[in-house]
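Each chain is listed here by its residues.
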Amino acid sequence: MSQNSTAPKLQPAFIPPADGRIVILTGAGISKESGLETFRDAGGIWSKVRLEDVATPEAFARDPKRCHAFYNMRRARHRAADVQPNAAHHALVRLEQGWPGDVMVVTQNVDTLHDRAGSKNLIHMHGTYNQARCNFCGHVIANEGDLSVEDVCSACNKAAGMRPNVVWFGEMPIEMERIYGALSDCDLFISIGTSGNVYPAAGFVAVVSKHAGAHTAELNLEPSAGATLFAEAHYGPATATVPAYIDALLQSL
Ligand code: BV8
């Protein structure tokens, strides 16, 4: 039974075997209807500030106060009471709980909306807002408040080194081996809310497509840069397409 009888119906072009492995990649678009900005939509984050000035190790070395201000502003928005997981986040939790095979969510997002919705088999390949890391010794702490150059590392006692524990451009994404292992062994790859501009995430669909029997689907507001690489696509807001698609998969069991 669909979660909401008025929800739009959507028929997946491919239903994996019941023990099939499903890997889901999400980007900023899945959090848009929760009230968080995307990066490359009109009026998005990168239309207001250059990533080279706030989201690279060189930018942090050059002007740490500017980087802290950028992340403090986004982290404060992320903490706001009106920013909650939406129907798309909750649909992915239903899939993880109701699908007999393995379901893994790999998110590019540094927000914690998947975690708060209840996703367990979840990889934050670009890190998260709610940790800080020392640039000198690598010590990681939980941190949901503002960071500044006055912060002192509790492990090495050096100041001005605490940075957001996110993956900046030019840095190695997290758990890449585990991600590539899942991609090369999955039956269904679903990409949700990403423009397909940032690598290596944008290359995942090509990794999956190399493996016989794997199917790829894009659920996005509009065709991504990699749209032609997907076997299937459904366009519309994530809170409409994702529950409809996921509930159709679950009803096929
Ligand atoms: C690396 C964390 C080496 C910080 C981010 C080729 C191969 C390898 C690397 C590169 C390469 N070419 C270039 C590179 C370098 C670079 C890169 O990709 N540059 C780009 C600009 C060309 N990549 C890197 O530096 C990466 N590191 O490569 O290390 C390596 C290589 C391979 C293997 C190991 C190591 C590190 C990149 C990570 C950077 N950090 N974020 C932070 O958040 O501040 S990236 C940033 O972009 C966010 O994570 C964001 O999630 C991500 C991708 O953006 P999207 O999520 O797609 O968001 P966007 O706004 O673009 O799109 C939103 C989409 O949603 C749109 O399509 C829209 O239509 C849709 N949408 C909107 N509303 C809705 C919706 N969909 C549904 N419903 C809605 N309501």
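What you see is a predicted model; the values in this text were computed from it and never measured. (Residues numbered from 1 in each chain as written. Predicted model: local features only at pLDDT ≥ 70, side-chain atom pairs only at ≥ 80, totals over all residues. Heavy atoms only, no water.)

Chemist: Lay out the environment of A87 with the relevant residues and their values.
Modeler: Residue placement: A87 occurs in helix α4 (residues 87-98). Look past the residues within four positions of A87 in its chain and what remains in contact with it is T239 and P243. (Helix = DSSP H or I, 4+ residues; strand = E, 2+ residues; numbered from the N terminus. Contact = heavy atoms within 4.5 Å.)

Chemist: Tell me about the side chain of H114, and name the residues and values.
Modeler: Relative to the helices and strands, H114 resides in helix α5 (residues 113-117). Take H114: its relative accessible area is 0%, and that puts it in the buried class. (Buried < 20%, exposed > 50% of the residue type's maximum accessible area, 1.4 Å probe, protein only.)

Chemist: Summarise helix α8 (residues 238-251); cite the residues concerned and give the values.
Modeler: Taking 1.5 Å as the rise per residue, α8 with 14 residues should run 20 Å; its terminal C-alpha atoms sit 19 Å apart, in good agreement. Within α8, 11 of the 14 residues are buried, leaving the element largely enclosed by the surrounding structure. The complete set of buried residues in α8 reads A238, T241, V242, P243, A244, Y245, I246, D247, A248, L249 and L250. Packing partners of the buried residues in α8 comprise β1 (22-26), α4, β7 (188-192), β8 (215-220) and β9 (232-235). (Expected span 1.5 Å × (residues − 1).)

Chemist: If you had to explain the packing of aromatic side chains to someone new, which residues and values would you point to?
Modeler: Counting across every chain of the model gives 8 aromatic pairs. Note on F70 and Y71: the rings are 4.9 Å apart at their centroids and 80 degrees apart in plane angle, and the pair reads as edge-to-face. This pair shows no difference in class: F70 is buried, exactly as Y71 is. On the numbers, 6.4 Å between centres and 10 degrees between planes, the contact of F189 with F230 is stacked. One end of the pair, F189, is in strand β7; the other, F230, is in the loop between β8 and β9, with 41 residues separating them in the sequence. Look at F230 and you get buried, because its relative accessible area is 13%. Members of the aromatic cluster, connected to one another through ring pairs, are F39, W46, F60, F70, Y71, W168 and F169. Just above the ring of W168 sits the side chain of R163; from NZ or CZ to the centre is 3.8 Å. (Phe/Tyr/Trp six-rings, centres within 6.5 Å; stacked < 30°, edge-to-face > 60°. Lys NZ or Arg CZ within 6 Å of the ring centre and 35° of its normal.)

Chemist: Account for the side chain of R75, naming residues and giving values.
Modeler: Position of R75 relative to the elements: it lies in helix α3 (residues 64-79). Here R75 occupies a buried position and makes no salt bridge, while the nearest side chain of opposite charge, D146, is found at 4.6 Å. (Lys, Arg positive; Asp, Glu negative; His and termini not counted. Salt bridge = Lys/Arg side-chain N within 4 Å of Asp/Glu carboxyl O.)

Chemist: Mind laying out the site of the ligand, listing which residues take part and the relevant values?
Modeler: Around the ligand sit 35 residues in total, of which F39, R74, G170, T194 and S195 are the nearest. In the environment of the ligand, an oxygen atom lies 2.6 Å from a nitrogen or oxygen atom belonging to the side chain of R74. Interatomic distance of 2.9 Å between a backbone N/O atom of A238 and a nitrogen atom of the ligand. A total of 1,500 Å² of accessible area belongs to the ligand in isolation, and the protein chains cover 80% of it. By residue class, the composition of the shell around the ligand is 15 nonpolar, 13 polar and 7 charged. (Near = heavy atom within 4 Å. Polar contact = N/O pair within 3.5 Å; in protein donor to acceptor, adjacent residues only side chain to side chain. Areas by Shrake-Rupley, 256 points an atom, 1.4 Å probe, with all protein chains shown as cover. Nonpolar A, V, L, I, M, F, W, Y, C, P; charged D, E, K, R; others polar.)

From the geometry alone we can't say anything about function, so treat these as descriptive.
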